[in-house]
Amino acid sequence: MTESDNTPLLKVENLRKYFTVKDGRLFGSGKKLMAVDDVSFEIFAGETVGFVGESGCGKSTLGKAVLRLIEPTAGCVSFGGRDLLALNRKELREIRKDIQIIFQDPYESLNPRLTIGEILEEPFVIHKLGNAAERKIKVAELLKKVGLPETAINRFPHEFSGGQRQRIGIARAIALKPRLIICDEPVSALDVSVQSQILNLLLDLQKEMNLALVFIAHDLAVVKHISDRIAVMYLGKIVEFGKAADIYANPQHPYTEALISAIPIPDPFAEKNKKPLAGEIPSPADPPSGCYFHTRCPYVQEQCKNEMPELIPNGKNSLVACHFSLSSLQETS
Ligand code: SF4
């Protein structure tokens, strides 16, 4: 991380995104589904903050709400000191040069009728940058940057593998030299060997461009590989937030411990000591009382069923939302 000063590039405060879902009653007003519930974090230039959790924990909704691809219900998002939620459509389009997004399945976001050259030229055309000859040079530079041959220009998305298509998605995301990229499960659909190539490409580009990355994934091993800090999410809330190395070596929240336990280890003895996650993630439209994790937590106590724990510093370099974090449980056992 190359933090030039103490001013965060992106600051998210108390962000909420609620949806209304049908509750089955004919004239019912519907239930509130809290996809993102009171999430706050900051990210600095050159830093990667990873968001991890099972599917349905709200991490992808969070990424889209930050970018206003879906409108947040409440909260504040400021980028480079500007209030993103106060921008009109024209201002938002302008600032999106600086904030880009990469999706899990680039094939869905790449127009199948356009050649790769046309796809990569599009951001320059939309923002009226350069003439045709200059744009052609830019497209060739982008392909080189992401490790694709110049001959890709005249080919179509379906002619490429998943990993190559993700490279095209990355090339499009960096075309306008953004300062922040939201990476929404960018390697989840790829083979393990291709995953590491894409992660290394993102790390190289980050270094070269001093990019900030919000990296969303369900696999903690992947998130750890790329992140400076990690936020663990459960049912729309951050339950643990800290430096990647600390969280991985010394998790404080029982849910983080369970996610780490789920990472395969090539050692049968270590496998035996694992604490796998029990049960299914509850519905965010009908979350449990108290601590949302209490229905699956192996350390649950009576207080957990009634009182929601706050995300607070735990004295171990991280923020934790747990009445009985793992270090305090270890001290009392
Ligand atoms: Fe488990 Fe209780 Fe901590 Fe929730 S508050 S994670 S139920 S120990």
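The structure presented is a predicted model; accordingly, all values stated were derived computationally and were not measured. (Residues numbered from 1 in each chain as written. Predicted model: local features only at pLDDT ≥ 70, side-chain atom pairs only at ≥ 80, totals over all residues. Heavy atoms only, no water.)

## Considerations on the overall build of the protein
Regarding its fold elements, the protein presents 13 helices and 12 strands. The C-alpha atoms of the protein give 21 Å as radius of gyration, which agrees with the globular expectation for 333 residues (20 Å, within 12%). Across its three principal directions, the C-alpha atoms of the protein cover 70 × 55 × 45 Å. Burial statistics for the protein: of 333 residues in total, 47% are counted as buried. A separation of at least 24 residues holds for 64% of the contacts in the protein among residues at least 6 apart in sequence. For the protein, the accessible surface area stands at approximately 16,800 Å², while carbon and sulfur atoms represent 51% of it. For the protein, the centre of its 40 positive side-chain charges and the centre of its 41 negative side-chain charges are spaced 5 Å apart. (Helix = DSSP H or I, 4+ residues; strand = E, 2+ residues; numbered from the N terminus. Rg over C-alpha atoms; globule rule 2.2 N^0.38 Å. Buried < 20%, exposed > 50% of the residue type's maximum accessible area, 1.4 Å probe, protein only. Contact = heavy atoms within 4.5 Å. Areas by Shrake-Rupley, 256 points an atom, 1.4 Å probe, with all protein chains shown as cover. Lys, Arg positive; Asp, Glu negative; His and termini not counted. Charge placed at Lys NZ, Arg CZ, Asp CG, Glu CD.)

## A closer look at the nonpolar core
Of all hydrophobic cores here, the largest spans 58 residues; its most connected members are L120, L143, I170, I181, L202, F215 and I230. Two domains each put at least three residues into this core: domain 1 (10-98 + 178-273) and domain 2 (113-175). Setting aside anything within four residues of it in sequence, one finds L202 in contact with I102, I170, C183, L213, F215 and I226. Core analysis: the second largest hydrophobic core is formed by 32 residues, L62, V77, I238 and F241 among them. (Core = buried A, V, L, I, M, F, W, Y, C linked by side-chain atoms within 4.5 Å. Domains from an automatic or database assignment.)

## Points about the sheet that holds strand β11 (residues 312-313)
Pairing in this open sheet of eight strands is mixed, and the strands run β6-β7-β8-β3-β9-β10-β12-β11 from one edge to the other. Where the open sheet ends on each side, the last strands, each with one partner, are β6 (99-102) and β11. Helix α6 (residues 162-174) rests against β6 and β7 (180-184) of the sheet, and its axis sits at about 175 degrees to β6. (Pairing = 2+ DSSP bridges. Axes fitted to C-alpha atoms, helices over the stretch in contact; angles between N-to-C directions.)

## Points about the side chain of H253
Tracing the backbone through its elements, the reader meets H253 in the loop between α9 (244-249) and α10 (254-261). A polar atom in the side chain of H253 sits 2.9 Å from the backbone nitrogen of Y255. Every residue in contact with H253, bar those within four places of it in the chain, is listed here: V239, E240, F293, V320, A321, C322 and L326. (Polar contact = N/O pair within 3.5 Å; in protein donor to acceptor, adjacent residues only side chain to side chain.)

## Structural notes on the domain arrangement of the protein
As assigned here, the protein comprises domain 1 (10-98 + 178-273) and domain 2 (113-175). Taking only C-alpha atoms, the centre of domain 1 and the centre of domain 2 are 26 Å apart. Each side of the interface is counted separately: domain 1 has 15 residues, and domain 2 has 10 residues. Together domain 1 and domain 2 conceal approximately 1,100 Å² of surface at their shared face, both sides included; 74% is due to carbon and sulfur atoms. (Buried area = accessible area lost by both parts, 1.4 Å probe.)

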